[in-house]
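Remarks on the overall topology
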Amino acid sequence: MSDSFWIGNLDLNKKVHIIGAGISGLLAGYYFKRNNIDFHIYESTNRVGGKLQSIQHESGIIETAANSLLSTPRILEFLDHLGLEPISTTKKLKRYIFRKNTLKSFPYMSFSELIIFSRNLFKKTPINIDELSVYEFWQPLLGDKCCDEILTPALNGIYATNSKNLLFKDVFNSNFSFGKSYFSYLKFLKKQASSFKSISFPSGIEELPHALEKKLEGNISLNTKMSTYPENSLICIDAKSILKESLTTIYSQTFILEENIKKLEGSFGVLFNSSSPLLGILCNHQIFKRNTRPSYTLMTSKEFSEKDFLQCIENLFNEKHSIINKEAFSWVKGLPLYGQQRPIELNELLETPHAYFGNYTKGISLRSLIEQTL
Ligand SMILES: Cc1cc2nc3c(=O)[nH]c(=O)nc-3n(C[C@H](O)[C@H](O)[C@H](O)COP(=O)(O)OP(=O)(O)OC[C@H]3O[C@@H](n4cnc5c(N)ncnc54)[C@H](O)[C@@H]3O)c2cc1C
């Protein structure tokens, strides 16, 4: 067995009690099943999947949280073992960023910014990266403005916070000899990203927890809220119930429209900088060809009403639209914050008698959760 994916102590010679059947709890259970370790999963609600839910709407699928999974060849193999048939995102969609009050192709830089960027490419990266924020690491290459207006938007849609609040080593691959040039580090990241493929499933991302549920038949008790944890528990409940401070909020609102937003035709979506409550817009019907009507998901840091949405579309794109349907999901303190405070809070958890695994322990994404349990 490889390094443990959980933090804290577990005795694998005794039965493991997994608390929560979100994707973390299910992946943990599947790992124990493959390794012949005795376990049982307890889930407080009447379904598995936790935040992952794919609502089947007559005009397409509406996701409550994750829209897609960034997979690698190893993850695709794992999904194949689960009997899943992934669908890929549409190729060659344009990715936009809202910069200088207009829609630009990501990552847009002005001519003068490009010159400074090219000059800085051969600067050496910092060596001691442990305490650095994402902003501090990239600032010598990008400068303040591009950090705020390009780097932060790229992270906003995933972490719902700006680059100053995120620890570099938690967000970027640090398996690199730092001290070499930014150019070599970018080349290293590009090589790693070349094997990534963004996918979902024909009936939405919820097919993943359902496939795991099937494999774990007989090992899951639904409608079983655990208010105290038995000895040898692996706690896989949401970050909000575990961490005190390292949390942030995201709202995910999907709007089905009568007609396409013309300016976003052929596009994956748009990213925004931190001065806007908008974090990102996803064009669902273009990303996956399973929606019959134009469908847009807004990730925001505040709740958007239908009126707010229509006003925002009019301001951004100078287009008037009408909404057919809206589904809104609020995740108040629903995302872990990968900042300076998180390692301190994780250390405090080590003083409790339990073990923990979730999107706050070693990685926020589904890709990271899966990779840790492979
Ligand atoms: C808006 C949004 C968009 C996202 N987009 C993406 C994306 O595109 N790609 C990506 O990779 N990731 C994305 N993520 C992240 C990903 O969705 C989460 O990291 C992941 O779903 C978290 O799963 P979890 O199992 O750790 O927690 P949860 O889903 O919160 O599961 C916890 C489970 O524990 C149960 N539980 C709680 N308390 C108890 C108890 N006392 N007893 C028993 N059971 C209990 C709950 O009912 C729940 O089922 C997104 C997240 C959000 C919020």
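Residues numbered from 1 in each chain as written. Predicted model: local features only at pLDDT ≥ 70, side-chain atom pairs only at ≥ 80, totals over all residues. Heavy atoms only, no water.

**Considering the site of the ligand**
Around the ligand there are 32 residues in total, and Ser 24, Glu 43, Lys 51, Asn 359 and Leu 366 lie nearest to it. In isolation the ligand has 1000 Å² of accessible area, and contact with the protein removes 89% of it. Broken down by secondary-structure element, the contributors of at least two residues to the shell around the ligand are helix H1 (23-34), strand E13 (247-257) and strand E17 (323-336). For the shell around the ligand, the per-class residue count stands at 15 nonpolar, 13 polar and four charged. The residue makeup of the shell around the ligand includes at least three contributed by each of domain 1 (7-86 + 203-243 + 339-373) and domain 2 (87-200 + 247-336). (Near = heavy atom within 4 Å. Areas by Shrake-Rupley, 256 points an atom, 1.4 Å probe, with all protein chains shown as cover. Helix = DSSP H or I, 4+ residues; strand = E, 2+ residues; numbered from the N terminus. Nonpolar A, V, L, I, M, F, W, Y, C, P; charged D, E, K, R; others polar. Domains from an automatic or database assignment.)

**Examining the sheet that holds strand E12 (residues 233-235)**
With mixed pairing, the six strands of this open sheet are ordered in space as E1-E18-E12-E2-E3-E11. The outermost strands of the open sheet, each flanked by one partner alone, are strand E1 (7-8) and strand E11 (220-221). With two bridges connecting them, E12 and strand E18 (residues 355-356) associate as parallel partners. Within E18, the position partnered with Leu 234 by the bridge is Ala 355. (Pairing = 2+ DSSP bridges.)

**Focus on the side chain of Arg 47**
Mapped onto the secondary structure, Arg 47 falls in the loop between strand E3 (39-42) and strand E4 (54-57). Those residues in contact with Arg 47, other than ones at most four positions away along the chain, are Leu 52, Gln 53, Glu 206 and Leu 222. (Contact = heavy atoms within 4.5 Å.)

**Quick word on the side chain of Gln 253**
Following the sequence through the fold, Gln 253 ends up in strand E13. A residue is classified by how much of its surface remains accessible, and Gln 253, at 1% relative accessible area, is buried. Among the polar contacts made by the side chain of Gln 253, one reaches the main-chain amide nitrogen of Phe 304 at a distance of 2.6 Å. Aside from chain neighbours lying at most four places away, what touches Gln 253 is Tyr 296, Thr 297, Leu 298, Thr 300, Lys 302, Glu 303, Phe 304, Glu 327 and Ala 328. (Buried < 20%, exposed > 50% of the residue type's maximum accessible area, 1.4 Å probe, protein only. Polar contact = N/O pair within 3.5 Å; in protein donor to acceptor, adjacent residues only side chain to side chain.)

**Some details on the domain arrangement of the chain**
Here the domain parsing of the chain yields domain 1 (7-86 + 203-243 + 339-373) and domain 2 (87-200 + 247-336). Contact with domain 1, which involves 35 residues of that partner, is made by 36 residues of domain 2. At the boundary of domain 1 with domain 2, total buried surface from both sides reaches about 3000 Å², with 60% on carbon and sulfur atoms. For the pair domain 1 and domain 2, the interface holds two salt bridges. A salt bridge links Asp 170 to Arg 342; the shortest N-O distance between them is 3.1 Å. Connecting domain 1 to domain 2 are nine residue pairs in polar contact (both at pLDDT 80 or more). (Buried area = accessible area lost by both parts, 1.4 Å probe. Salt bridge = Lys/Arg side-chain N within 4 Å of Asp/Glu carboxyl O.)

**Comments concerning the packing of aromatic side chains**
Each pair of aromatic rings is reported with the distance of its centres and the angle of its planes. Summed over all chains, the structure comprises 29 aromatic pairs. Summarising the aromatic geometry, the rings of Trp 138 and Phe 168 are spaced 6.5 Å apart at their centres and angled 65° between planes, so their arrangement reads as edge-to-face. Here Phe 168 lies in helix H5 (residues 168-171) and Trp 138 lies in helix H4 (residues 134-159), a separation of 30 residues in the sequence. We note that Trp 138, like Phe 168, is buried. Grouped by ring-pair contacts, the aromatic residues Phe 137, Trp 138, Phe 168, Phe 172, Phe 176, Phe 178, Tyr 182, Tyr 185 and Phe 188 constitute a single cluster. It is Arg 34 that lies over the ring of Tyr 30; its NZ or CZ is 4.8 Å from the centre. Geometry around Tyr 135 places Lys 164 over its ring, the cationic atom sitting 4.5 Å from the centre. (Phe/Tyr/Trp six-rings, centres within 6.5 Å; stacked < 30°, edge-to-face > 60°. Lys NZ or Arg CZ within 6 Å of the ring centre and 35° of its normal.)

**Some thoughts on the pairing of strand E15 (residues 278-283)**
Taken across its six residues, E15 has six buried, putting it largely inside the fold. Sheet topology places strand E14 (residues 267-271) next to E15; three bridges connect them, and they run antiparallel. Residue Val 270 lies in a different strand from E15, and its bridge partner there is Ile 281. Where E15 meets strand E16 (residues 295-300), five bridges bridge the pair, whose relative direction is antiparallel. Paired with Gly 280 across the bridge in E16 is Met 299.

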